[in-house]
Amino acid sequence: MEDEMPDGPTTQTRRRGATLEAAILDAAAGELTENGYAGLTMDRVAKRAGTNKNAIYRRWPDRLALGVAAYRQLATTIEPPDTGALREDALELLRRANRHWSSPLGAILRELLTAAGGAQHLLAQLPGQSTDAMTAMWLTVLGRAVARGEAGPAALHPRVATVAVVLLRNEFVTRGVPTAPDDVLVDIVDEVYLPLVRARN
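Report follows, based on the coordinates. (Residues numbered from 1 in each chain as written. Predicted model: local features only at pLDDT ≥ 70, side-chain atom pairs only at ≥ 80, totals over all residues. Heavy atoms only, no water.)

**Concerning the overall build of the protein**
Across its full length, the protein holds ten helices and zero strands. Relative to its full complement of 201 residues, the protein shows a buried share of 44%. Long-range contacts, defined here as pairs at least 24 residues apart, represent 64% of the contacts in the protein between residues at least 6 apart. A total of about 10,300 Å² of accessible surface is found on the protein, and carbon and sulfur atoms cover 52% of it. (Helix = DSSP H or I, 4+ residues; strand = E, 2+ residues; numbered from the N terminus. Buried < 20%, exposed > 50% of the residue type's maximum accessible area, 1.4 Å probe, protein only. Contact = heavy atoms within 4.5 Å. Areas by Shrake-Rupley, 256 points an atom, 1.4 Å probe, with all protein chains shown as cover.)

**Concerning the packing of aromatic side chains**
Enumeration according to the criterion identifies two aromatic pairs in this entry. With centroids separated by 5.5 Å and ring planes inclined at 70°, the aromatic side chains of Trp101 and Phe172 adopt a geometry described as edge-to-face. Here Trp101 is found in helix α5 (residues 86-102), whereas its partner Phe172 is found in helix α9 (residues 158-173), with 71 residues between them in sequence. Here Phe172 falls in the buried class, since its relative accessible area comes to 4%. Ring geometry for Trp138 and Tyr193: centres 5.5 Å apart, planes at 80°, overall edge-to-face. Taken together, the residues Trp138 in helix α8 (residues 131-148) and Tyr193 in helix α10 (residues 182-199) connect sequence positions 55 residues apart. (Phe/Tyr/Trp six-rings, centres within 6.5 Å; stacked < 30°, edge-to-face > 60°.)

**Some remarks on the pattern of salt bridges**
This model, assessed by the stated rule, comprises twelve salt bridges. Of the charged contacts in the structure, one is a salt bridge between Asp43 and Lys53, with a shortest N-O distance of 3.2 Å. With a gap of ten residues between them, Asp43 in helix α2 (residues 42-49) and Lys53 in helix α3 (residues 53-57) connect regions that are remote in the sequence. The class of Asp43 is partly exposed, set by a relative accessible area of 49%. Assessed through its relative accessible area of 35%, Lys53 is described here as partly exposed. A salt bridge links Glu88 to Arg87; the shortest N-O distance between them is 3.2 Å. Bridged by salt links that share partners, the residues Glu31, Glu34, Arg44 and Arg48 form one connected network. (Salt bridge = Lys/Arg side-chain N within 4 Å of Asp/Glu carboxyl O.)

If you want it as structure tokens, here you go:
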């Protein structure tokens, strides 16, 4: 598949396939970093990538799909903590999430989550934000706690496992806080998460 070159004179060589796609994603990631999702436009990405909008629309149907794909270029994958104690693991996961959602990259993520709404096919493409990815990480931490005898096997339920991070995400997405104080994280773990886990022995 050939690149459709931008209007006007140019000496740029035509690009195809993965080379063109990488150039578009790099351009979109740059726009996200500099202007956020609100400032991401197909026109600006096309100009930055040295292509035109048709080449973008052939790969991503709309601005949101492109934004999600570009965010994947910026995000990193993290491994679940293993401190040897459920409370500390849960707090570490929440602190990581809080730092991320409070960062400039997290601001982009919050914009994308808001724009995506209930579009699960798009949410599933956001690293660490899909229901499956988030559940897997928290179930890993909770599974280790069960193996250590800190929790009973009945605690290994997806909604139980993820209740803490869902409550934290609610602080950002619903309440619109720029960051959550650490005492809020401690409160979520000590007053909601651990009592719920222990009640399922």
